[in-house]
Amino acid sequence: MNLFENLNQDKKDQPLAYRMRPRNLEEFFGQKDIVGKNKLLSRAIKADRLQSLIFYGPPGTGKTSLAQVIANQTEAEFVKLNAVTSGVKDIREVIKKAKSNRSLYNKKTILFIDEIHRFNKSQQDALLPSVENGTLIMIGATTENPYFEVNSPLLSRSRIFRLEKLAAEQIFEILKKALVNKERGLGKLEVNLAEKDLRFIAELADGDARVALNTLELAVLTTPPDKNGQINIDKEIIEDSMQKRILNYDNNGDMHYDVISAFIKSMRGSDPDAAIYWLARMIVSGEDPKFIARRVVIHAAEDVGMADPTALIIAESAARAVEQIGFPEARIPLAEAVIYIATAPKSNSVIKAIDKAVNYVENHGAASVPPHLRDSHYSGAEDLGHGLDYKYPHNYEKNYVEQDYLPDELTQEDFYQPGSLGREKKVRHFLNYLKGDQAGADN
């Protein structure tokens, strides 16, 4: 069973966006950071040496097209499942066939799963053993963040590639090829379309090649030719063909990103009225409430942080309410979290601390754990010097004793530096108190 085995059947009945999907990497537009010359994925595709992959990005950026390129390139059995219509039974059938391919023909099986984020936990768990032992090479495609929607064990066995929105110039080139391609495109028709109007489609599509091609096709097929057989397309016809997209809030276009940006900046700027307004805009426009909730949780940790740690608890509770209660009722705890965060004292010391620490590890490698901090609870550990000279803080005044918890080469590093607002003022006071710095503690 091949994902694209019917590609050559009834081409005239297939949408232009489907017909114009690239057949190889040379026809693929965009994503140069992923499939550019000598990039990892392009080398793996050309060498037919793939591991399990997850393609993540907005609609129309080439996730399924990359799957088609792989299907055309590979000698493996290529199978497609759609997470919306497939269940555990379908997965087991694919696994059974894959085992047979491997044992009888020494042939690999690649399973492409469209909308993998829609698989539930049991469906994802059913895949795991076969992905882990190499019976299947899995390729998943999703518009949702896989770190939220895909099980951690499956993520850890997959390489994740994020696909970005296409540039208007890239979409313009795709549209030009569709206009002149006589085999798969509109080249057999006499289409009169000015370059500036073709660029207008590319810009309106907002990074989504599928939307651009659908718009072009609709404009061409619904416009009758003139007496000379020419199909004349102007800006008014283009706007009419893309009217719904222009008028509606687009969950994956500029409006989506602009509104969420305004929402986050309003919470960060301590303006509860603006934050609530932008929240309402997203709710009324049909934005995914789980997406909103995730942004609220992230913002609580990133911009409020230790100045008021309760903000993260309230944000997480609101996210859970979205999952358990759903809309419209969940709008209330979500609004409560937004107001709380907007009116909370702000600090970004947490993100500074973790980013500084991660940067240190990435640039200096992993330092050894000091002997007195190593695990001493197993037989023979003390003979290795593990845990010796460790001072148990509860045996000392203030339940604190000064000792090194960092490797020797890091003892001068200060990753976390408390701010001066909210609870962090108390944290700074307490840390100074433990170290006996009464002057610092009094400030």
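Residues numbered from 1 in each chain as written. Predicted model: local features only at pLDDT ≥ 70, side-chain atom pairs only at ≥ 80, totals over all residues. Heavy atoms only, no water.

*Asks:* Which parts of the structure should I look at to understand the UniProt feature "domain: AAA+ ATPase" (unreviewed entry) in the protein?
*Replies:* Taking the UniProt record as the reference, the feature "domain: AAA+ ATPase" (unreviewed entry) is found at residues 49–178. The span residues 49–178 shows a helical share of 47% and a strand share of 20%, and its end C-alpha atoms are spaced 31 Å apart. (UniProt positions renumbered as here; feature names shortened; annotations may be inferred. Helix = DSSP H or I, 4+ residues; strand = E, 2+ residues; numbered from the N terminus.)

*Asks:* Hey, could you run me through the nonpolar core in this one?
*Replies:* Here is a general trend for soluble globular proteins: nonpolar side chains tend to be buried in one another's company. In terms of nonpolar packing, the biggest core is built from 29 residues, with Phe263, Val296, Leu334 and Ile341 touching the most fellow members. Of all elements in the fold, only α14 (254–268), α15 (272–284), α16 (289–304), α17 (310–324) and α18 (331–343) reach the threshold of two or more residues within this core. The element that contributes the greatest number of residues to this core is α16, accounting for seven residues. What Val296 contacts, discounting residues up to four positions off in sequence, is Phe263, Met267, Ala315, Leu334, Ala337, Val338 and Ile341. Counting residues in hydrophobic clusters, the runner-up holds 28 residues, among them Ile201, Ala209, Ile231 and Met242. (Core = buried A, V, L, I, M, F, W, Y, C linked by side-chain atoms within 4.5 Å. Buried < 20%, exposed > 50% of the residue type's maximum accessible area, 1.4 Å probe, protein only. Contact = heavy atoms within 4.5 Å.)

*Asks:* I'm lost on the pattern of salt bridges in this one. Help?
*Replies:* A pair can form between side chains of opposite charge whenever their charged atoms are brought close. Going through the model one piece at a time under the given rule, you end up with 19 salt bridges. A salt bridge links Asp303 to Arg268; the nearest nitrogen and oxygen atoms lie 3.0 Å apart. Placement of Asp303 in helix α16 and of Arg268 in helix α14 is noted, with a sequence separation of 35 residues between them. Since its relative accessible area comes to 35%, Arg268 is described here as partly exposed. (Salt bridge = Lys/Arg side-chain N within 4 Å of Asp/Glu carboxyl O.)

*Asks:* Whenever I open this one, unusual backbone geometry confuses me. Can you help?
*Replies:* Trans is the common state for peptide bonds, and a negative phi is the common state for residues other than glycine. Even without being glycine, Gln31 reaches a positive phi, approximately 55°. Along the chain, the position of Gln31 falls in the loop between α1 (16–19) and α2 (32–35). Overall, Gln31 belongs to the buried group, its relative accessible area being 9%.

*Asks:* Honestly, the confidence of the model for the protein in this entry has me stumped. Any pointers?
*Replies:* As a note on interpretation, predicted positions should not be read in detail where pLDDT is low. When the pLDDT values of the protein are averaged, the result is 85; 92% of them are 70 or greater. Low pLDDT (under 50) marks residues 244–249, which in the prediction has 14 contacts with non-local residues, meaning those over four places away or in another chain. Across residues 438–443 the pLDDT falls below 50, and counting only partners more than four positions away or on other chains, this stretch makes five contacts in the model. (pLDDT = per-residue confidence, 0-100.)

*Asks:* Looking at this model, I keep getting lost on the pairing of strand β2 (residues 77–82). Mind explaining?
*Replies:* Looking down a regular strand, the side chains alternate between one sheet face and the other. Here β2 lies mainly inside the structure; five of its six residues are buried. Across six bridges, the pairing between β2 and strand β3 (residues 109–114) is parallel. In the strand pairing of β3, Leu81 is matched with Ile113. Handedness of the crossover is the feature at issue here: the chain leaves β2, passes through helix α5 (residues 88–105), returns alongside β3, and the resulting connection is right-handed. (Pairing = 2+ DSSP bridges. Right-handed = clockwise from strand over helix to strand, strands pointing away.)

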